[in-house]
Amino acid sequence: MKDLISQYEKKVEKFDYKYFLDRKQYQIASALSALLATISITNAYYEEEGNLTEDEYILRLYALLQGLFVSVDALYSLAYSLTNSKNFININNNPHMRNLRYVRNNVVGHPANRIIGVKEVAYCILDMNRVSKNFFTYNIYTKDNIKTVTIDINELVASFFKESNTLLDELYNISLKSLNSAPLKTAITQTLDGYYRNGHFIENLNKFIDAYVKEYPKAKKEQHRILWRYELILKLDAISNKNQNLTDVIDYCIGLELNKIYKLIYGKDYKHRADFELPSMILSLYRFFNRNPEFIPYIDHLKDSDDPLFFESLKAVYEGASLKKMQGAMDYLGFLITLFMGNAWDMIYAIALPISEYKKKK
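Residues numbered from 1 in each chain as written. Predicted model: local features only at pLDDT ≥ 70, side-chain atom pairs only at ≥ 80, totals over all residues. Heavy atoms only, no water.

So, the pairing of strand β3 (residues 135-142)
Here is step 1: Most of β3 sits out of view: six of its eight residues are buried.
Here is step 2: Here β3 hands over to strand β4 (residues 145-152) after two residues, the two strands then running antiparallel side by side. (Buried < 20%, exposed > 50% of the residue type's maximum accessible area, 1.4 Å probe, protein only. Helix = DSSP H or I, 4+ residues; strand = E, 2+ residues; numbered from the N terminus. Pairing = 2+ DSSP bridges.)

Given below as structure tokens:
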């Protein structure tokens, strides 16, 4: 752990906090300050002390989780200040960073208010008797279920520093040069134009990725969101299904992913984004939400399969659509359930993306 923290400290210091502070680039300076504070918090947590009381363990746990959580936000802020986009670097879809956010929110952030839906509330309770330097346990209580979660603190902290060190390397490389956007803009525009006009996009998408990798030769999908979305598109395009309605959903999801990439390059939606035709299954689900607004709060838990309340929320919406006999919505949600049972995590995100795009009818 000491080596990981030492590497992290050196990588943060490479950005030269004082340089940015003196030049009044306060967003970057503030992010770097928060990242540096995490070193002190973590070192204090791991300082050897004997005979710590239960109260002291809990106090240290709260400080550690909050410190790591703040550092994730600082990485977001640093990425945004350098790229003008929180999504250019793949922080949000890093499973280790996501897990840290959920753990912090459940234990320290909002334990008494983890709402699933209007009629169902989840409460998180830290097991005070099972908090040690290396592990802690908390329970998620819903009306009909109790889920016990045990966290390996060393594993959580190590994963944070490993991922942060890689992300800091990528952000530092970006800080040294400006993005050569002209060929990227041309290639991604041609890709979306082809998708919108005739559904042909793969050749131009590959040209775009070639240009992107040329600009960032060391880029990996774990850090670069564009490469991650590219892989999702290839997986979606490879799906073969005889159900035309489901095929329409897959094609639509490809369009959403292409637009996400376009937006990372241009900072705005593709010009014909609003003209993407909604598939019948998605229309059915949107109608269900419009007619049954009590189910809308579940959407927050359907954006990420790592959310501890994802599957409960998915089942609740499916059962609601079933009661209302919304066949299209049922088929769509049923496909997501199948993906979940098959541990197809990336595909769950890609196919569930239209749910995140739902806008409440006024």
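Here we look at unusual backbone geometry
Here is step 1: Unlike most non-glycine residues, K24 shows phi in positive territory, near 60°.
Here is step 2: Along the chain, the position of K24 falls in the loop between α2 (17-22) and α3 (26-46).
Here is step 3: Residue classification places K24 among the exposed positions, given a relative accessible area of 61%.
Here is step 4: Even without being glycine, N343 reaches a positive phi, approximately 60°.
Here is step 5: You can see N343 is positioned in the loop between α13 (327-341) and α14 (345-356).

Remarks on the nonpolar core
Here is step 1: Of all hydrophobic cores here, the largest spans 69 residues; its most connected members are F208 and Y332.
Here is step 2: Only α7 (181-198), α8 (202-215), α9 (225-237), α10 (244-266), α11 (280-291), α12 (310-323), α13 and α14 provide two or more residues apiece to this core.
Here is step 3: When residues of this core are assigned to their parent elements, the largest contribution, 12 residues, is made by α10.
Here is step 4: Those residues in contact with Y332 that sit more than four places away from it in its chain are V249, M281, I282, L285, I351, A352, P354 and I355.
Here is step 5: Ranked by size, the runner-up nonpolar core spans 49 residues in total, among them A74, V108, V157 and A158. (Core = buried A, V, L, I, M, F, W, Y, C linked by side-chain atoms within 4.5 Å. Contact = heavy atoms within 4.5 Å.)

Some points on the environment of A29
Here is step 1: Take A29: it is sitting in helix α3.
Here is step 2: Accessibility expressed as a relative area gives 3% for A29, which makes it buried.
Here is step 3: Put simply, A29 and Y19 are 10 residues apart on the chain and 8.4 Å apart in space, counted from C-alpha to C-alpha.
Here is step 4: A29 has contacts with Y17, F20 and L21, leaving out every residue within four places of it along the chain.

Focus: the pattern of salt bridges
Here is step 1: The final tally for this structure, using the stated rule, is 14 salt bridges.
Here is step 2: Note that R273 and E357 form a salt bridge whose closest N and O atoms lie 2.2 Å from each other. With R273 in the loop between α10 and α11 and E357 in the segment after α14, this residue pair connects regions lying 84 residues apart in the sequence.
Here is step 3: Classification of R273 as buried rests on a relative accessible area of 16%.
Here is step 4: When salt bridges with common partners are traced through the structure, they connect E231, K235 and D346 into a single cluster. (Salt bridge = Lys/Arg side-chain N within 4 Å of Asp/Glu carboxyl O.)

Thoughts on the packing of aromatic side chains
Aromatic ring pairs: the centre-centre distance and the angle between the two ring planes describe each pair.
Here is step 1: A complete count under the given rule lists 23 aromatic pairs for this structure.
Here is step 2: Taken together, a centroid distance of 5.5 Å and an interplanar angle of 85° make the contact between Y262 and Y270 edge-to-face.
Here is step 3: Note on Y262: relative accessible area 7%, which makes it buried.
Here is step 4: By way of ring pairs, the aromatic residues Y195, Y196, F201, Y262, Y266, Y270 and F276 are connected into one cluster. (Phe/Tyr/Trp six-rings, centres within 6.5 Å; stacked < 30°, edge-to-face > 60°.)

Topic: the packing of helix α1 (residues 2-13) against α3
Here is step 1: Closest axis-to-axis distance for the α1/α3 pair is 10 Å, and the angle between their directions is 160°. One finds that α1 runs roughly antiparallel with respect to α3. Seen from above, α1 lies across α3 with left-handed handedness. Touching I5, Y8, E9, V12 and E13 of α1 are L32, L35, L36, T38, I39, T42 and N43, all from α3. (Axes fitted to C-alpha atoms, helices over the stretch in contact; angles between N-to-C directions. Parallel < 35°, antiparallel > 145°, perpendicular 65-115°, else oblique. Left-handed = near helix turned anticlockwise from the far one by under 90°.)

Here's the deal with the packing of α10 against α14
Each packed pair of helices is defined by two parameters, the angle between the axes and the distance between the axes.
Here is step 1: One way to put it is that α10 packs onto α14 with a least axis distance of 9 Å and a crossing angle of 90°. By the angle class used here, α10 and α14 are roughly perpendicular. Note on element contacts: α14 touches α10 through Y349, A350, I351, L353 and P354, opposite I250, Y252, C253, L256, E257 and K260.
Here is step 2: In the contact of α10 with α14, the residues fall into nine nonpolar, no polar and two charged. (Nonpolar A, V, L, I, M, F, W, Y, C, P; charged D, E, K, R; others polar.)

Here we look at the side chain of T38
Here is step 1: Assignment of secondary structure puts T38 in helix α3.
Here is step 2: Look at T38 and you get buried, because its relative accessible area is 2%.
Here is step 3: Polar side-chain contacts of T38 include one of 3.5 Å to the backbone oxygen of G67.
Here is step 4: Contact partners of T38, with chain neighbours within four places excluded, come to Y8, G67, L68, S71, F160 and F161. (Polar contact = N/O pair within 3.5 Å; in protein donor to acceptor, adjacent residues only side chain to side chain.)

What about the environment of S240?
Here is step 1: Mapped onto the fold, S240 is located in the loop between α9 and α10.
Here is step 2: In this structure S240 comes out as exposed when scored by relative accessible area, which is 73%.

Thoughts on a nonpolar patch on the surface
Here is step 1: Where nonpolar side chains cluster on the molecular surface, the patch consists of Y17, L21 and Y26 and spans about 280 Å² of accessible area.
Here is step 2: With respect to the helices and strands, the residue L21 is situated in helix α2.
Here is step 3: Using a relative accessible area of 34% as the deciding quantity, one classes L21 as partly exposed. (Patch = residues over 30% accessible without salt bridge, like charges linked within 9 Å, V, L, I, M, F, W, Y side chains within 5 Å. Areas by Shrake-Rupley, 256 points an atom, 1.4 Å probe, with all protein chains shown as cover.)

Quick notes on α1
Here is step 1: Taking 1.5 Å per residue, 12 residues should reach 16 Å; α1 reaches 16 Å between its end C-alpha atoms and fits that length.
Here is step 2: Among all positions in α1, only L4, I5, Y8, K11 and V12 are buried. The arc enclosing the buried residues of α1, seen along the axis, measures out at 125°, which places them on a common side. Looking at α1, the residues exposed on the side facing more than 90 degrees away from the buried face are K2, D3 and K10.
Here is step 3: Among the structural elements, α3, α4 (54-83) and α6 (153-175) are those in contact with the buried residues of α1. (Expected span 1.5 Å × (residues − 1). Arc of directions from axis to C-beta.)

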